[in-house]
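What follows is each chain in one-letter form.
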Amino acid sequence: MSHITFDSVKISYKTSDGEVEAVGDFSAEIQKGEFIAIVGPSGCGKSSVLSAADGLLKPAAGNVYVSGEPVTGPGHGRAMVFQDASLMPWRSVESNVAFGLELRGVGKAERLRTARELVKLVGLEGRERSRPSQLSGGMRQRVGIARALAVDPEILLMDEPFGALDAQTRESMGMELLRIWENDRKTVLFVTHGIDEAILLADRVLVMSAGPRSRIVEDITIDLPRPRTREVRVGREFQVYRSRLSNLLFGEQDARTTEPATR
Amino acid sequence: MRTPKRKDAGAPLTTSRAGSQESAVKVLTGCISIVVVLVAWQVSASSGLVDASYTSSPLEIVKAAAELVTSGELAQNLPTTLFEFSIGYALAVVIGVPLGMLMGWRLRVRQVFEPLLYALYVTPSLALFPIFVLVWGIGTTSKIAIVFVDVLATVVINAMAGVQETDARTLRMAHAFGAGQMAQFWKIIAPSAMPTTVAGLRLGVGRGVITVIVAELYGGVVGLGVMISAYGSSFNVPPLIVLALLAGLFGLIVGSLLRRIERSVFRWE
């Protein structure tokens, strides 16, 4: 049985002009331990698909199943990482990380111990008592990831987590995420608009069409060896995946300009 | 390991000693203008340049202050005013903070109370004071009531605004991590509304002090306002100025105390 099943998920929004069907028909089967990237043009509803998987948003039609059970609301087995990190500015780093455990009624000593372990895991040792306002964007996102991992979810839902970071930080955060993921290979749904990022991280890339009524236009398996390193991207295979994804997202014409200059 | 306390954003890397020196200099320069005015005032009064029976003079004011204290007149009147203010203010805070937060959080509660509170906020409630006197008499009760009404509106409106300013993304995060309505309120909404709420408490002090004094001016048996009114009608200027300064000083002290709390507790702002 697959870990996550999207069964003809439709998502619509009420606007002043009436109801808009953002996502038309999203169906996918995701196996346990798979790292899935969802890419698509902005406004295609890829973040909405993620919200539906977390139960934050109810599909207009269709269903999301986790381990065969329909998703009805946020649940224990899943944790979300947000694009803006969404930290609580009045709390210290460790207290932010412990938030999920606190809501589950875990005792203070135990949740702080777990939180400190995770702060260390994401490379923020020594910043446990800092406030979010004292951290850089990349550090804040590390806190967001640690907070999600603290509840030890089976599924990690990541909504453009590195979208607000500069290119360099973004790449090193990606490698960091892979390092952490290799520990226990949780199932990951990773929404991004970065093609390179998707290929570098994922086992499979789901490509969505532009909205409204967007759907999956291609399901590409990324057959690159793990553990992956930065060197992967200079290889020939990477370039092939890259141009294929560019073609799907931007069309043949634009794809040529996004490819690196040939020597 | 403790991390150092955060300095004001954009402040250069100064040691804390240099920082306190800087603030001492700031206080001293602030005093210059006050000293200059006092000296000019004294000189023009004692040289006959202005009529001291209207303007009084700093020395006369100091004398009047000493007399108010030694005669026991101040000790007789000040406690009443403080009592009226404190009870009215405390009631307004105890009722206003929860009510305001509830109004910010729950649309239905807001719809019920908002028109009433805004009406209260923009009405100069002192204009209604005669009615309060009709109901509760000329004593302390009517003054407590008017302070309560006046401060309540300020406290409620700020607490409500604080709640409404809660970042929707933070709430969404809490919801995603499984926080129910109650947990969302206590762990997200209430803490993030605190700075604005306390700012409301500070504004309320100013309003409350003005209200209690003016209400006493209107009529009463004891209190600072009653004294001001008595000295005013007998054209006795020096004690009048002492009392006005005293009221100002009180507002300043309570206000800066709250500001200090704001700064130390809400350092994340």
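What counts and how
Residues numbered from 1 in each chain as written. Chains lettered and ligands numbered in written order. Predicted model: local features only at pLDDT ≥ 70, side-chain atom pairs only at ≥ 80, totals over all residues. Heavy atoms only, no water. Helix = DSSP H or I, 4+ residues; strand = E, 2+ residues; numbered from the N terminus. Rg over C-alpha atoms; globule rule 2.2 N^0.38 Å. Buried < 20%, exposed > 50% of the residue type's maximum accessible area, 1.4 Å probe, protein only. Contact = heavy atoms within 4.5 Å. Areas by Shrake-Rupley, 256 points an atom, 1.4 Å probe, with all protein chains shown as cover. 1 Å grid on protein atoms, 1.4 Å probe; cavity = no way out; pocket = protein on both sides within 12 Å on 5 of 7 lines; lining within 4 Å. Points joined across faces, edges and corners; volume = space filled by probe spheres on them. Nonpolar A, V, L, I, M, F, W, Y, C, P; charged D, E, K, R; others polar. Phe/Tyr/Trp six-rings, centres within 6.5 Å; stacked < 30°, edge-to-face > 60°. Lys NZ or Arg CZ within 6 Å of the ring centre and 35° of its normal. Salt bridge = Lys/Arg side-chain N within 4 Å of Asp/Glu carboxyl O. Polar contact = N/O pair within 3.5 Å; in protein donor to acceptor, adjacent residues only side chain to side chain. Pairing = 2+ DSSP bridges. Expected span 1.5 Å × (residues − 1). Arc of directions from axis to C-beta. Axes fitted to C-alpha atoms, helices over the stretch in contact; angles between N-to-C directions. Parallel < 35°, antiparallel > 145°, perpendicular 65-115°, else oblique. Left-handed = near helix turned anticlockwise from the far one by under 90°. pLDDT = per-residue confidence, 0-100. Right-handed = clockwise from strand over helix to strand, strands pointing away.

### Quick notes on the overall build of chain A
Argument step 1. Along the backbone of chain A there are 8 helices and 10 strands.
Argument step 2. The C-alpha atoms of chain A give a radius of gyration of 19 Å, which matches the 18 Å a tight globule of 263 residues would have.
Argument step 3. Once the C-alpha set of chain A is aligned to its principal axes, its extents read approximately 55 × 50 × 40 Å.
Argument step 4. Here chain A holds 263 residues, and the buried ones make up 54% of them.
Argument step 5. Here the contacts in chain A between residues at least 6 apart in sequence split such that 68% fall between residues at least 24 apart.
Argument step 6. Only carbon and sulfur atoms are counted for the fraction: they give 47% of the accessible area of chain A, which is about 11900 Å².

### As for empty space enclosed by the protein
Gaps left between atoms show up when a probe the size of a water molecule is rolled over them.
Residues and elements named next belong to chain A.
Argument step 1. Under the definition given, this model contains 2 cavities of 30 Å³ or more.
Argument step 2. When its volume is computed, the largest cavity comes out at roughly 50 Å³.
Argument step 3. In terms of lining residues, the largest cavity is bounded by Leu149, Leu156, Leu177, Ile180, Trp181, Asp184, Lys186 and Val188.
Argument step 4. For the lining of the largest cavity, the element with the most residues is helix 6 (residues 167-184), which contributes 4 residues.
Argument step 5. Taken together, the residues that form the lining of the largest cavity break down as 6 nonpolar, no polar and 2 charged.

### Structural notes on the packing of aromatic side chains
Argument step 1. In total, this model carries 10 aromatic pairs over all chains according to the counting rule given.
Argument step 2. An aromatic cluster is defined as three or more aromatic residues linked by ring pairs; in this entry it consists of A:Phe35, A:Phe162, A:Trp181 and A:Phe190.
Argument step 3. Taking NZ or CZ as reference, B:Arg106 lies 4.0 Å from the ring centre of B:Trp105, over its face.

### Structural notes on the interface of chain B and chain A
Argument step 1. Each partner contributes residues to the interface: chain B has 21 residues there, and chain A has 27 residues.
Argument step 2. For the interface between chain B and chain A, the tally reads 2 salt bridges.
Argument step 3. Taken together, chain B and chain A are joined by 3 residue pairs in polar contact (both at pLDDT 80 or more).
Argument step 4. Residue assignment for the side of chain B that touches chain A shows that the elements contributing at least two residues are helix 8 (168-176) and helix 9 (181-218) of chain B.
Argument step 5. It is helix 8 of chain B that provides the largest number of residues to the side of chain B that touches chain A, a total of 7 residues.
Argument step 6. Residue composition of the side of chain B that touches chain A, by class: 11 nonpolar, 5 polar and 5 charged.

### Quick word on the pairing of strand 10 (residues 214-221) of chain A
Residues and elements named next belong to chain A.
Argument step 1. Pairing between strand 2 (residues 18-30) and strand 10: 2 bridges, direction parallel. When the sheet's bridge partners are listed, Asp25 is paired in strand 10 with Arg215.
Argument step 2. Here strand 9 (residues 204-208) runs beside strand 10; their pairing, made up of 5 bridges, is antiparallel. Of the residues in strand 10, the one forming a bridge with Arg204 is Thr221.
Argument step 3. Here strand 9 hands over to strand 10 after 5 residues, with Arg213 in that stretch at a positive phi of 55°.

### With respect to the environment of A:Glu69
Residue and element names in this part refer to chain A.
Argument step 1. By the element assignment, Glu69 lies in strand 5 (residues 69-70).
Argument step 2. Overall, the relative accessible area of 55% leaves Glu69 in the exposed class.
Argument step 3. Each C-alpha atom of the pair Glu69 and Pro59 lies 15 Å from the other, and the pair is 10 residues apart in sequence.

### Considering helix 4 (residues 108-121) of chain A
Residue and element names in this part refer to chain A.
Argument step 1. In this model, helix 4 (14 residues) spans 20 Å end to end at C-alpha, consistent with the 20 Å of a helix rising 1.5 Å per residue.
Argument step 2. Where helix 4 is concerned, the buried positions are Arg111, Leu112, Ala115, Leu118 and Val119. Down the axis, helix 4 shows its buried residues gathered within 125° of arc, on one side only. Those residues of helix 4 that are exposed and aimed more than 90 degrees away from the buried face are Ala109, Arg113, Glu117 and Lys120.
Argument step 3. Looking at the buried residues of helix 4, the elements they touch are helix 2 (93-97), helix 3 (99-103) and helix 5 (137-150).
Argument step 4. Following helix 4 by one or two positions, Gly123 adopts a phi angle in the positive range, close to 80°.

### With respect to the packing of helix 7 (residues 140-164) of chain B against helix 9 of chain B
All names here are of chain B.
Argument step 1. Two numbers describe how helix 7 lies on helix 9: the axes approach to 7 Å, and their chain directions differ by 155°. The angle between helix 7 and helix 9 places the two elements in the roughly antiparallel class. Regarding helix 7 and helix 9, the two cross each other, and that crossing is right-handed.
Argument step 2. Here the contact of helix 7 with helix 9 is built from residues that sort into 13 nonpolar, 10 polar and 4 charged.

### Comments concerning the environment of B:Phe185
All names here are of chain B.
Argument step 1. For Phe185, the position within the fold is in helix 9.
Argument step 2. On a C-alpha basis, the gap between Phe185 and Leu91 in space is 23 Å, while along the polypeptide they are 94 residues apart.
Argument step 3. In this structure Phe185 touches Met101, Trp105, Ala190 and Pro191, once residues within four positions along its chain are discounted.

### A short note on the sheet that holds strand 1 (residues 4-15) of chain A
Argument step 1. Reading across the sheet, the 10 strands line up as 5-4-1-2-10-9-3-8-7-6 (chain A) and stay open at both edges, with mixed pairing between neighbours. Lying at the two open borders of the sheet, with one neighbouring strand each, are strand 5 and strand 6 (78-81) of chain A.

### Here's the deal with the confidence of the model for chain A
Argument step 1. Across chain A, the average pLDDT comes to 90, with 95% of residues at 70 or higher.
Argument step 2. Between residues 254-263 of chain A, whose pLDDT stays under 50, and residues either more than four places distant or in other chains, the model counts 8 contacts.

### Some remarks on the pairing of strand 8 (residues 187-191) of chain A
All names here are of chain A.
Argument step 1. The element strand 8 is extensively covered by neighbouring structure, given that 5 of its 5 residues are classed as buried.
Argument step 2. Along strand 8, one buried face is formed by Thr187, Leu189 and Val191 and the opposite face, lined by Val188 and Phe190, is buried too.
Argument step 3. Taken together, the 5 bridges between strand 7 (residues 155-159) and strand 8 define a ladder with parallel strand orientation. The partner of Met158 across the bridge, within strand 8, is Phe190.
Argument step 4. This β-α-β element, strand 7 to helix 6 to strand 8, shows right-handed connectivity.

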